[in-house]
Amino acid sequence: MKIGFYAGSFDPFTYGHLHIIKKSAKLFDKVVVGIGVNPKKVRCFNQEKMREAMEKVLIRENITNATVITYDNLSVDVAKEHEAAYLIRGIRNGMDYQYEENIALVNEEISGLDTIYIRSGYLGYISSSLVMDLINNGKDVSKYLPQEIIDII
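Residues numbered from 1 in each chain as written. Predicted model: local features only at pLDDT ≥ 70, side-chain atom pairs only at ≥ 80, totals over all residues. Heavy atoms only, no water.

Enquirer: Please clarify how the environment of Ala-66 should be interpreted in this entry.
Expert: Mapped onto the fold, Ala-66 is located in strand S3 (residues 66-70). Along the chain, Ala-66 and Gln-147 lie 81 residues apart, while their C-alpha atoms are 19 Å from each other. For Ala-66, the residues in contact, after removing those within four places along its chain, are Ile-21, Val-31 and Leu-58. (Helix = DSSP H or I, 4+ residues; strand = E, 2+ residues; numbered from the N terminus. Contact = heavy atoms within 4.5 Å.)

Enquirer: How should the packing of aromatic side chains be read in this particular structure?
Expert: Think of a pair of aromatic rings as described by two things: how far the centres are apart, and how the planes are tilted against each other in angle. Inspection of every chain in the model, using the stated rule, returns 6 aromatic pairs. Pairing Tyr-6 with Phe-10 gives two aromatic rings, centres 5.2 Å apart and planes at 75 degrees, and the pair type is edge-to-face. Both residues of the pair, Tyr-6 and Phe-10, belong to the buried class. Geometrically, the ring pair formed by Tyr-97 and Tyr-117 is edge-to-face, given 5.5 Å between the ring centres and 70 degrees between the ring planes. In this pair, Tyr-97 is assigned in helix H4 (residues 94-111) and Tyr-117 in strand S5 (residues 114-119), connecting sequence segments 20 residues apart. One aromatic cluster is present, built from ring pairs that chain together Tyr-6, Phe-10 and Phe-13. (Phe/Tyr/Trp six-rings, centres within 6.5 Å; stacked < 30°, edge-to-face > 60°. Buried < 20%, exposed > 50% of the residue type's maximum accessible area, 1.4 Å probe, protein only.)

Enquirer: Would you mind showing me how to read the pairing of strand S2 (residues 30-35) here?
Expert: Among the 6 residues of S2, 5 are classified as buried, and the element is accordingly described as predominantly covered. Of the pairings in the sheet, the one linking strand S1 (residues 3-8) to S2 comprises 6 bridges and is parallel in character. Across the sheet, Phe-5 pairs through a bridge with Val-32, a residue of S2. Crossover connection from S1 via helix H1 (residues 15-27) to parallel S2: handedness right-handed. Here S2 pairs with S3 via 5 bridges, running parallel. (Pairing = 2+ DSSP bridges. Right-handed = clockwise from strand over helix to strand, strands pointing away.)

Enquirer: So what exactly am I meant to see when it comes to the pattern of salt bridges here?
Expert: Where charged atoms from two side chains of opposite charge approach closely, those side chains can pair. Within this structure, the stated rule accounts for 7 salt bridges. Taking the shortest distance from any N to any O, the salt bridge between Arg-51 and Glu-55 comes out at 2.8 Å. With a gap of 4 residues between them, Arg-51 and Glu-55 both fall in helix H2 (residues 47-60), about one helical turn apart. In this structure Arg-51 comes out as buried when scored by relative accessible area, which is 16%. Taking the shortest distance from any N to any O, the salt bridge between Glu-61 and Arg-60 comes out at 2.7 Å. The partly exposed category is assigned to Glu-61, whose relative accessible area is 26%. By sharing partners, the salt bridges in this structure join Lys-22, Arg-60, Glu-61 and Glu-148 into a single network. (Salt bridge = Lys/Arg side-chain N within 4 Å of Asp/Glu carboxyl O.)

Enquirer: Would you mind going over H1 with me for this structure?
Expert: Counting along an α-helix, one turn takes 3.6 residues, and residues three or four places apart therefore face a common direction. Here H1 spans 19 Å end to end across 13 residues, near enough to the 18 Å set by a 1.5 Å rise per residue. Every buried residue of H1 is listed here: Gly-16, His-17, Leu-18, His-19, Ile-20, Ile-21, Ser-24 and Ala-25. With a side-chain oxygen positioned 3.1 Å from the backbone nitrogen of Gly-16, the residue opening H1 is Thr-14. (Expected span 1.5 Å × (residues − 1). Polar contact = N/O pair within 3.5 Å; in protein donor to acceptor, adjacent residues only side chain to side chain.)

What follows is the structure, encoded as structure tokens:
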């Protein structure tokens, strides 16, 4: 069984993230989506509530081979615990690639896990940071976030 591990803060979970999960679910027998803790970021939304809302999105989208977990240690360690064959990362643009490639090299060195990149495509302009700016300024974010996520924020 080929297992992929898709890690992120998902704070909040966007349609861009969902796009990556949909593509990953077609490539892998199982996708473990990990909501991690990024010490460089302060979470805006409760990690457990986000996990529950993400699971509802996956059910509505009929993505049956993906599960959502939370964790607070290294992504590569959690990926190995779940017997993942690959780390999955979404790429929006060239800047993302440069940033992610440096992390991928270290991850491969310390864990032996390779990273695959999935293009965000037409959703590449969406980022959690952009969505947070809109939320904080009272703007409508319904075209960027699934309803299940809007319901918890």
